[in-house]
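# Fold and geometry: a report
Residue-level listing of the chains:
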Amino acid sequence: KRNFSVVNTSGTLNRLTISGTTFGLTNAAVDSDDSLSVEARNAGTIANVTVTGSTFLGAAGDLGDFTGQTGTTMDVVFQNNTCSNSHPNNVIGGGGMSFQTQGVYTFSVSGNTFRGANGSAITLFKASAGTLLSGSLANNTIGVTGVASSGSATGNGIFLSAAGSGSIVLALTNNQIRQYAGNAGIYMDNTDGNYKLDLTITGNTTAEPGAGAFAGLALTA
């Protein structure tokens, strides 16, 4: 179901590096999964990964999914990649890039292009067991000028959802977000749990919303 999957169940993976790689379409089945998946699975495990200069052509699930389970630690660097989802079964809610944690998680996502997601192009998620989500999204391009729903067919350009306690430190800098047909270009949905949020949004552009969108920037608490 996946093109490439790495699951760390014990010890430290430091660091998986993927560069200059082309990830083709996952198989055509309706339940075909993510193209690239990296997971730290058991408490105490560490999984660090860097993906640079690579091309993602399509998946029914996410193009990439980087997940830390309860009690794990992850650091993800995702830079200068081309992400375009042309999968025939690109499902509602999927098709983008997901960074998720129930533990401690740091990340840097910069210089990438994203198009063709059905759900949100970039999803950040801290579950109730997560203690820290910290990172930056900078100089990314989401969607294509004049191409309807190319940023997201049903979701947001950048979406944050979180629960539980702990903290989130997030910087969004100089991202270009267009053609989002869901809620907002940038949607920070802080509606569950009791955690500290430190959010800095600087120099971003949201434009060309679809008919279903209600905001360029939406912040909830």
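This text goes with the structure placed above it.
Reading the values: the criteria
- Residues numbered from 1 in each chain as written.
- Predicted model: local features only at pLDDT ≥ 70, side-chain atom pairs only at ≥ 80, totals over all residues.
- Heavy atoms only, no water.
- Core = buried A, V, L, I, M, F, W, Y, C linked by side-chain atoms within 4.5 Å.
- Buried < 20%, exposed > 50% of the residue type's maximum accessible area, 1.4 Å probe, protein only.
- Contact = heavy atoms within 4.5 Å.
- Pairing = 2+ DSSP bridges.
- Helix = DSSP H or I, 4+ residues; strand = E, 2+ residues; numbered from the N terminus.
- Polar contact = N/O pair within 3.5 Å; in protein donor to acceptor, adjacent residues only side chain to side chain.

One finds F66, F78, F99, F107, F114 and L124 to be the most contacted residues of the largest nonpolar core, which totals 43 residues. Apart from the residues lying within four places of it in its own chain, the contact partners of F99 are F66, V76, F78, Y105, V109, I122, T123, L124 and F125. Of all hydrophobic cores here, the second largest spans five residues; its members include A184, Y187, A215 and A218.

Turning to the sheet that holds strand β9 (residues 82-84), a few remarks are in order. With parallel pairing, the seven strands of this open sheet are ordered in space as β3-β6-β9-β12-β15-β18-β21. On the outer flanks of this sheet lie β3 (22-23) and β21 (205-207), each paired with one strand and no other. Direction of pairing for β3 relative to strand β6 (residues 55-56): parallel, over a ladder of two bridges. Looking at the pairing, T22 lines up with T55 of β6.

A word on the side chain of T45. One can find T45 in the loop between β4 (36-40) and β5 (46-52). Here T45 falls in the buried class, since its relative accessible area comes to 2%. Engagement of the side chain of T45 in a polar contact is seen with the backbone oxygen of N42, the distance being 2.6 Å. Residues contacting T45, with those up to four places away along its chain left out, are N8, T9, S10, G11, A40, T72 and T73.

Bear in mind that shape data such as this cannot, by itself, settle questions of function.
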